[in-house]
Amino acid sequence: MVKGMGWIWRGRRGRRRPMREGLRLGAMDWMFGFSMSMRRCCRISRIILSMVMGVFMDICSLTVFDAVAFDKWVDKAGAPAIEASLKLYEEVLSLGIKVFLLTGRNEQQRNVTVQNLLDVGFKNWEKLILRSSDDHGKPATVYKSQKRNELVNDGYRIIGNSGDQWSDLLGYAMSVRSFKLPNPMYYIA
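In this text the structure is predicted, and so the values were computed from the model without any measurement.

1. Observations concerning the confidence of the model for the protein
Reasoning step 1: Residue-level pLDDT values for the protein average 74, and 64% of them are 70 or greater.
Reasoning step 2: Put simply, strand β1 (residues 7-10) is where the protein has its lowest mean pLDDT, 36, and helix α4 (residues 110-119) is where it has its highest, 96.
Reasoning step 3: For the stretch residues 1-26, pLDDT sits under 50, and the model shows 35 contacts to residues farther than four places along the chain or on other chains.
Reasoning step 4: Scored below 50 in pLDDT, residues 34-46 shows 71 contacts in the model against residues more than four places distant or in partner chains.

Here you go:
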């Protein structure tokens, strides 16, 4: 049961309308496309933490992506929050919806990832899912689909999913609503 009054977006003008109280949805969660593939590109939630400076430095230096240098940058835990995403995150939590953060980051980066998220205002998520050694080498769509499917098998219904790459949204164990955000810097298949 959804407690209290939630909001859904309707219409071309983005008007918010109340959702029926007591709507039965079962266990619900919201996926934020929090992802980074060290092998392909610098991705750590372009929708949660800004990677603009890291990507900008790569573009300005005209070098091929260097995973070791990028790992050192990640270890600084200094990526700023994207304000609009933080507001959405807080609103989703205020509705009593559980939030899961799904990333392509390596499990070895858990501590710095958690610290960075907490430092910029993200807190109270249900679970942060990072790539284990068993997940390395899997295409992003396959990896993220498998992780979403595990949540569904645990009894959750994914009502929302947002990400800046199609690999954040496609595959199986789809959400009721998906939100593709723009990323003019790169594309991950």
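2. Remarks on the pattern of salt bridges
Two side chains with opposite charge may pair up if their charged atoms get near one another.
Reasoning step 1: For the coordinates displayed, the defined rule picks out five salt bridges.
Reasoning step 2: Arg110 is paired through a salt bridge with Glu107; the nearest N and O atoms lie 2.5 Å apart.
Reasoning step 3: Since its relative accessible area comes to 26%, Arg110 is described here as partly exposed.
Reasoning step 4: We note a salt bridge from Lys144 to Asp168, for which the minimum N-O separation is 2.4 Å. With Lys144 in helix α5 (residues 140-153) and Asp168 in helix α6 (residues 166-169), this residue pair connects regions lying 24 residues apart in the sequence.
Reasoning step 5: Several salt bridges converge on common partners, so that one network encompasses Asp135, Lys138, Lys147 and Glu150.

3. Here's the deal with the nonpolar core
Reasoning step 1: Tyr89, Leu101, Leu117, Phe122, Trp125 and Leu128 are the most contacted members of the largest nonpolar core, which has 14 residues in total.
Reasoning step 2: At the level of secondary structure, the elements contributing two or more residues to this core comprise α3 (83-94), β4 (98-106) and β5 (127-131).
Reasoning step 3: Ranked by residues supplied to this core, first place goes to α3 with three residues.
Reasoning step 4: Core analysis: the next-biggest nonpolar cluster, separate from the first, contains six residues, Phe100, Leu102, Ile129 and Tyr156 among them.

Conventions we followed
- All chains use their own residue numbering, which begins from 1 and follows the written sequence.
- Totals for whole chains, interfaces and linings use every residue, but because this is a predicted model, local features are given only for residues with pLDDT of at least 70 and side-chain atom pairs only at 80 or more, for both listing and counting.
- Side-chain calculation: all heavy atoms of the structure are included, whereas hydrogens and water are not.
- Scored from 0 to 100, pLDDT reflects the predictor's confidence in each residue.
- Here a helix means four or more residues in a row that DSSP labels H or I, a strand means two or more in a row labelled E, and each is numbered from the N terminus.
- Note on contacts: a residue pair is in contact if any heavy atoms of the two residues lie within 4.5 Å.
- The salt bridge criterion pairs a side-chain nitrogen of Lys or Arg with a carboxyl oxygen of Asp or Glu, the two atoms within 4 Å.
- When a residue's accessible area, from a 1.4 Å probe over protein chains only, is under 20% of the maximum for its type it is buried; when over 50% it is exposed; and in between it is partly exposed.
- In these notes, a set of buried Ala, Val, Leu, Ile, Met, Phe, Trp, Tyr and Cys residues joined through side-chain atoms within 4.5 Å is what counts as a nonpolar core.

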